[in-house]
Amino acid sequence: MSEETTRYLVTLVVNGVVREAAVPARRLLSDFLRHDLGLTGTHVGCEHGVCGACTVLLDGEPVRSCLTFAVTVDGHEVTTVEGLAGDNELSPVQRAFTECHGLQCGFCTPGFLCAVTAFLRDNPAPTEEEALEAVSGNLCRCTGYQNIIKAVHRAAEIQAETQGRPEDRGGRA
Amino acid sequence: MTEQLDAGVAAWQIKESDVLDGREVGRARRRKEDARLVTGRTQWTDNIQLPGMLHVAFLRSPMAHARITRVDTSVARTQPGVVAVFSGADFAAEQGSLPCVWPVSEDIVIPDHPPMAVTEVRYVGEAVACVVATDRYKAADALDAIEVDYEPLDAVTDMTSALDEGGPKVHEAGNKAFTWTFAQGDIEAAFRDAAVRVERTFVQQRLIPSAMEPRAVVAQTDGDAFTLHSSTQIPHILRVMLALTTGIPEHKLRVVAPDVGGGFGSKLQVTAEEVLCLLITRRLGRPVKWTESRSEGNLTVHHGRDQLQRISVAADADGRIRGVKVDLLADMGAYLMLVTPGVPLLGAFMYSGVYKMDAYDFTCTGVFTTKVPTDAYRGAGRPEATFAIERMVDELAAELGMDPIELRRRNWIRHGEFPYTTVCGLTYDSGNYEAATDRALALFGYDRLRAEQADRRAREDPVQLGIGVSTYTEMCGLAPSRVLGSLSYGAGGWEHASVRVLPTGKVEVVTGTSPHGQGHETAWSQIVADALGVPFEDVAVLHGDTSSSYKGMDTYGSRSLVVGGVAVVQACEKVKEKARQVAAHLMEASPDDIEFSRGEFRVRGTGTSRTIQEIALATFAAHDLPDGFEPRLDADATFDPDNFSFPHGTHLCAVEVDTETGATRIRSYVAVDDVGNVVNPLIVEGQVHGGIAQGIAQALFEEAVHDADGNLLTTTMADYLLPSAADLPAYTTDRTETPATTNPLGVKGVGEAGTIASTPAVVNAVVDALRPYGVRDVPMPCTPERVWRALGQARTPQRTDGGLS
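Residues numbered from 1 in each chain as written. Chains lettered and ligands numbered in written order. Predicted model: local features only at pLDDT ≥ 70, side-chain atom pairs only at ≥ 80, totals over all residues.

### Topic: the overall build of chain B
When its secondary structure is counted, chain B shows 22 helices and 28 strands. Relative to a compact globule of 805 residues, whose C-alpha radius of gyration would be 28 Å, chain B shows 28 Å and is just as compact. Looking at chain B residue by residue over its 805 residues, the buried ones come to 58%. For chain B, restricting intrachain contacts to residue pairs at least 6 apart in sequence, the fraction spanning at least 24 positions comes to 79%. (Helix = DSSP H or I, 4+ residues; strand = E, 2+ residues; numbered from the N terminus. Rg over C-alpha atoms; globule rule 2.2 N^0.38 Å. Buried ≥ 20, exposed ≤ 12 C-beta atoms within 10 Å, placed from the backbone. Contact = placed C-beta atoms within 7 Å.)

See the structure below:
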């Protein structure tokens, strides 16, 4: 069997569910999620790691799934946009993007949502500059970013409210 | 910074509950679209998986210009997973020519444009063969096994060389596609008698539209009819054009634009890949999918701009503009695509901007080069025109030693002068340039910034401050059909809507517009909720599928609300009129005595009433309707506008320029736009933000670069610099509202306004910062290197070789 046709069994936890599929070594994680597992919420915008649309959480940390081979995540845990909230619920970040009109066509949005989710977990009350920095690795062609940055702050607020930690609501100066 | 943020309209502070009189129009409704978009429950074309589906990969020309002498697909056919391999010769008999529907002049040269090249390639990236295989990876693998022999021909990448006698010919007929002229008034007199004449040449660099969703196509057939899913802005136009191109009868072809991830004009196209996927499906009888990679897209999605503008302005000593002369070269690329030749003409009528003048003279020559074709990109012709006139007004102000705002005040159409017919022959229905400008100046702190600028100049601060002004207007809402006809466009500019009232009183709106981020589902729901008095939640909007929405002209040119939204209003009026008759019958009153308010039909002066939901049910039952009444409330409307829409506004930009490094930083950006009445302020503000970002991107960051052999050097998002959040300023936005008088909603288009307005504001600011050094222009994009070179050239005027070394 040639390198292209040898298949490797990849077993991982995606959005809390154990999934497995046999794929060639070169299968990108983005294609694996979209086409092998049918999780089409993850989008591929450039396939060279610039735009960030394909960002997912690998063991909680944002990664470019288009620059990650599926075989390298065997045994790990992946969260995609479909897994950011419970069934028929919206996470604070998803709610904030909706409230702040932080999306238009929505193609880049899953990448932003994943990146911001991880960011706010580590920094629940970001400054203006920190919020700007946090979203600067993702490209959006529709919004001009201003409402996305607002959504980061709004998500921090919602997160603080829902977690009942009013002392953390100091994000907006 | 704090002051700007305070002044700006913060989206999250616009409360959805801010409602006047219970009306939906004007309310900052959160979008219906978002629920699926933020949870990944979307339907992009690339998501589609069909039983037995095959995948297509295209082999693309590595040469900008060459004769194809041999294509050997035999080895490729034997590769794993490969079902078929085709070259251009395999399609030659059936592939037709990609359409150009805008033959702008009688003698225009429209070259044959085969979807797959057969004998000659004319740009890098042109498809020469394709592999159809069981998966995308295998299809791509087998491309390597296709052998193509090319006999190189000379490339020609710049328009001036292309027009040289004896230069390489892109097509047999030569490199001139057309020359189009337009003149009003006595231009010679205007220039002869003028005290001041200013002449400049501006380069509108080539841009790559870069919608975030790459193009994708899925074609399938049941043996009789065909369905094509495509990431397109124009499912309706596409259906007609594909039927004409492939010979598949229109009624046997369904086109679907599912969720579409941005377009900005780039998906206003009939593409080679759409035609070829249909042909492959017809040939093999199996569903096929093609999704482009980003690099493939940069090479093959049509580009935007790419014009060379020579413009002269003549004015009196007091600043009154007498005339404007424009000589334009527009790079068509290698072929004329859907509306390629019309793009510069959309700008032809906008070079007078907001200003009054005696005379105008415009010449445009379309030029073929061996590059990917150009076509519509956000603003399409109008950003170029607006850039040129707004840059020239700042140049004229400098020449006259006058404040650029004051010069504009002396020349613009005053509020009391509307409706006003411009020198270009357009009638601007309404506007208030004074109000928008006054508001912008106040938000910007214009006088304070000018004082700071003077101080920095006096101190010879290495970081200089520049202030750029753009008092733009534009023509959008494409378009009155008779005007399109007079410009030789191949179709009309109407839009269609139908409104269906369901038995339970819920409403379905079928629109001919095809949104891809603009929020039509939300805005149309607001319009219908007001028109019929039904709850916002009770309205569903269907679009983008020719099987449900059979009639439409789609979404581009800031037309959806001002044409399509008005069609929705008109259909609702017809529904209401039918319901009134039923209501009158049920309440045993004359239809003339029935009043309608907020979903209720009431007999005037009585307490008797029926809700629209009751009437819907009664019409469904049809037991007791007026004699001869057709039992339905549903209605259609097709709206053809009488005039364009003319949004306007004032954008002010302050840029700090480091004269030692050439680095620029936008310190503040104020945009006050007048888009007439507003249906949803949240969506309007979003359109303005995104528009400004794309305009700034042209001013400072983006450029499609080719080498002399015609190779595109900016094939990735790492090479083609799309701005990120870190590259853009916070925008302070506000609005004045001067209702349009040409439609019942009083609305004007907003999709392109920000892009049209912002580019000249930014470049004017950069040049203003450097004016004390003698700089009169910085070519776009104003990168640090370009700024630094412009400074060097200005400081050493004796050098003419353009170098500093």
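Let us keep going from here.
### Regarding the overall build of chain A
Looking only at helices and strands, chain A features 5 helices and 5 strands. Listing every helix and strand of chain A by position from the N terminus yields β-β-α-β-β-β-α-α-α-α. Relative to the 2.2 N^0.38 estimate, which gives 16 Å for 173 residues, the radius of gyration of chain A is 17 Å and therefore close to what a compact globule would have. In chain A, the share of contacts with a sequence separation of at least 24, taken over all contacts with a separation of at least 6, comes to 57%.

### Some points on unusual backbone geometry
The peptide bond linking B:Leu478 to B:Ala479 adopts the cis configuration, its omega dihedral lying at -10 degrees. As for its position among the elements, B:Ala479 is in the loop between strand S18 (463-473) and helix H16 (481-486). Residue B:Met780 is joined to B:Pro781 through a cis peptide bond whose omega torsion reads -10 degrees. Mapping B:Pro781 onto the fold places it in the loop between helix H21 (753-770) and helix H22 (784-795). A positive phi angle is found at A:His101, which is not glycine, with a value near 55 degrees. Residue placement: A:His101 occurs in the loop between helix H2 (92-99) and helix H3 (109-122).

### Concerning the domain arrangement of chain A
All names here are of chain A. The domain boundaries assigned to chain A delineate domain 1 (7-83) and domain 2 (92-168). On a C-alpha basis, the centroid separation for the pair domain 1 and domain 2 is 22 Å. Taken together, the contact pairs 16 residues of domain 1 with 12 residues of domain 2. Listing elements by their share of the side of domain 1 that touches domain 2, those giving two or more residues are strand S3 (55-58) and strand S4 (61-64). The leading source of residues in the side of domain 1 that touches domain 2 is S3, at 3 residues. Classifying every residue of the side of domain 1 that touches domain 2 gives 8 nonpolar, 7 polar and 1 charged. (Domains from an automatic or database assignment. Nonpolar A, V, L, I, M, F, W, Y, C, P; charged D, E, K, R; others polar.)

### A look at the domain arrangement of chain B
Residues and elements named next belong to chain B. On domain assignment, one finds that chain B holds domain 1 (45-153 + 214-260 + 267-300), domain 2 (304-478 + 643-795) and domain 3 (494-639). When residues of the side of domain 1 that touches domain 3 are assigned to their parent elements, the largest contribution, 4 residues, is made by helix H8 (residues 235-246). Of the residues assigned to the side of domain 1 that touches domain 3, the class counts are 9 nonpolar, 2 polar and 3 charged.

### Remarks on the interface of chain A and chain B
The partner chain B presents 40 residues to the 46 residues of chain A that form the contact. Those elements that place two or more of their residues in the side of chain A that touches chain B are H2, H3, helix H4 (128-135) and helix H5 (146-162) of chain A. Top contributing element to the side of chain A that touches chain B by residue count: H5(A), with 6 residues.

### Focus: the sheet that holds strand S23 (residues 600-603) of chain B
Residues and elements named next belong to chain B. In space, the 3 strands of this open sheet follow the order S22-S23-S24, with antiparallel pairing throughout. The open sheet terminates on both sides in strands that have one partner only, identified here as strand S22 (594-597) and strand S24 (609-611). Neighbour-to-neighbour, the strand axes of this sheet turn through a mean angle of 20 degrees, independent of strand direction. In the sheet, S22 pairs with S23 via 4 bridges, with the strands oriented antiparallel. Following the sheet pairing, isoleucine 594 is matched in S23 by valine 603. Contacting S22, S23 and S24, helix H18 (residues 560-586) crosses the sheet at an angle of about 130 degrees to S22. Most of the contacts of helix H19 (residues 612-621) go to S24, to which it runs at about 75 degrees, and overall it touches S23 and S24. (Pairing = 2+ DSSP bridges. Axes fitted to C-alpha atoms, helices over the stretch in contact; angles between N-to-C directions.)

### A look at the nonpolar core
Counting residues in hydrophobic clusters, the biggest one holds 305 residues, and the most contacted among them are A:Val116, A:Val135, B:Cys130, B:Val528, B:Val762 and B:Val766. Broken down by element, the residue count for this core peaks at 13 residues, all from H18(B). Leave out the neighbours within four places in its chain, and B:Val766 touches B:Gly466, B:Val655, B:Val657, B:Thr664, B:Val778, B:Cys782 and B:Val787. (Core = buried A, V, L, I, M, F, W, Y, C linked by C-beta atoms within 7 Å.)

### Describing helix H15 (residues 446-459) of chain B
Residue and element names in this part refer to chain B. For H15, with 14 residues, the first-to-last C-alpha span of 20 Å sits near the 20 Å given by 1.5 Å per residue. In terms of residue burial, H15 counts as a barely covered element, since only 0 of its 14 residues are buried. Phi turns positive one or two residues past the end of H15, at glutamate 460, with a value near 50 degrees. (Expected span 1.5 Å × (residues − 1).)

### Some remarks on H22(B)
Helix length check: H22(B) (12 residues) gives 16 Å between terminal C-alpha atoms against 16 Å at 1.5 Å per residue, within 8%. On the buried face of H22(B), the contacting elements are strand S26 (648-658), strand S27 (664-674) and H21 of chain B.

### What to know about the packing of helix H20 (residues 681-700) of chain B against H21(B)
All names here are of chain B. Between H20 and H21, the shortest axis-to-axis distance is 7 Å and the interhelical angle comes to 40 degrees. Here H20 is positioned oblique relative to H21, judged by the angle of their axes. For the crossing formed where H20 meets H21, the hand is right-handed. Only Ala753, Gly754, Thr755, Ala757, Ser758, Thr759, Val762 and Val763 of H21 make contact with H20, whose side of the interface consists of Gln687, Val688, Gly690, Gly691, Ile692, Gln694, Gly695, Ile696, Gln698, Ala699 and Leu700. Among the residues forming the contact of H20 with H21, the class breakdown is 9 nonpolar, 10 polar and no charged. (Parallel < 35°, antiparallel > 145°, perpendicular 65-115°, else oblique. Left-handed = near helix turned anticlockwise from the far one by under 90°.)

### Quick word on the pairing of strand S12 (residues 288-291) of chain B
On a regular strand, each side chain points to the face opposite its neighbour's, so the side chains alternate between the two faces of the sheet. Residues and elements named next belong to chain B. Here S12 shows a buried face lined by Val288 and Trp290 and a second buried face lined by Lys289 and Thr291. In terms of strand pairing, strand S1 (residues 54-60) meets S12 through 2 bridges, oriented parallel. Across the sheet, leucine 54 pairs through a bridge with valine 288, a residue of S12.

### Brief notes about the confidence of the model for chain A
Model confidence for chain A is summarised by a mean pLDDT of 93, while 92% of its residues fall at 70 or above. Across residues 166-173 of chain A the pLDDT falls below 50, and counting only partners more than four positions away or on other chains, this stretch makes 14 contacts in the model. (pLDDT = per-residue confidence, 0-100.)

### Side note on the sheet that holds strand S7 (residues 176-184) of chain B
All names here are of chain B. If you walk across this open sheet you meet the 5 strands as S7-S15-S14-S13-S8, and the pairing is mixed. Sheet topology places S7 and strand S8 (196-207) at the edges, where each strand pairs with a single neighbour. Across this sheet, the average inter-strand angle for adjacent strands is 10 degrees, counted without regard to direction. Bridge count between S8 and strand S13 (residues 304-315): 11 bridges; the pairing is antiparallel. Directly across from valine 198, in S13, lies its bridge partner valine 313. Contacting S8, S13 and strand S14 (321-333), helix H12 (residues 382-400) runs over the sheet at an angle of about 145 degrees to S8.

### Here's the deal with the confidence of the model for chain B
Residue and element names in this part refer to chain B. Per-residue confidence for chain B gives a mean pLDDT of 96; residues scoring 70 or more make up 96%. In this model residues 1-13 is a low-confidence stretch, pLDDT under 50, and it forms 24 contacts with partners more than four residues away in sequence or in other chains. Of the regions scoring below 50 in pLDDT, residues 799-805 engages in 4 contacts with residues more than four places distant in sequence or in other chains. The complex model carries a pTM of 0.96, and its ipTM stands at 0.95.

### Overview of the environment of B:Ala190
All names here are of chain B. Topologically, alanine 190 is positioned in helix H7 (residues 187-193). In this structure alanine 190 comes out as buried when scored by C-beta crowding, with 24 C-beta atoms within 10 Å. Sequence spacing of alanine 190 and alanine 84 is 106 residues, and the spatial spacing of their C-alpha atoms is 65 Å. Every residue in contact with alanine 190, bar those within four places of it in the chain, is listed here: Gly185, Ala314, Arg322, Gly323, Asp358 and Ala359.

### Looking at the environment of B:His229
Residues and elements named next belong to chain B. Along the chain, histidine 229 falls in strand S10 (residues 226-230). Placed 377 residues apart in sequence, histidine 229 and threonine 606 show a C-alpha to C-alpha distance of 54 Å. Beyond its immediate chain neighbours, meaning those up to four positions away, histidine 229 contacts Thr45, Ile48, Val218, Val256 and Pro258.

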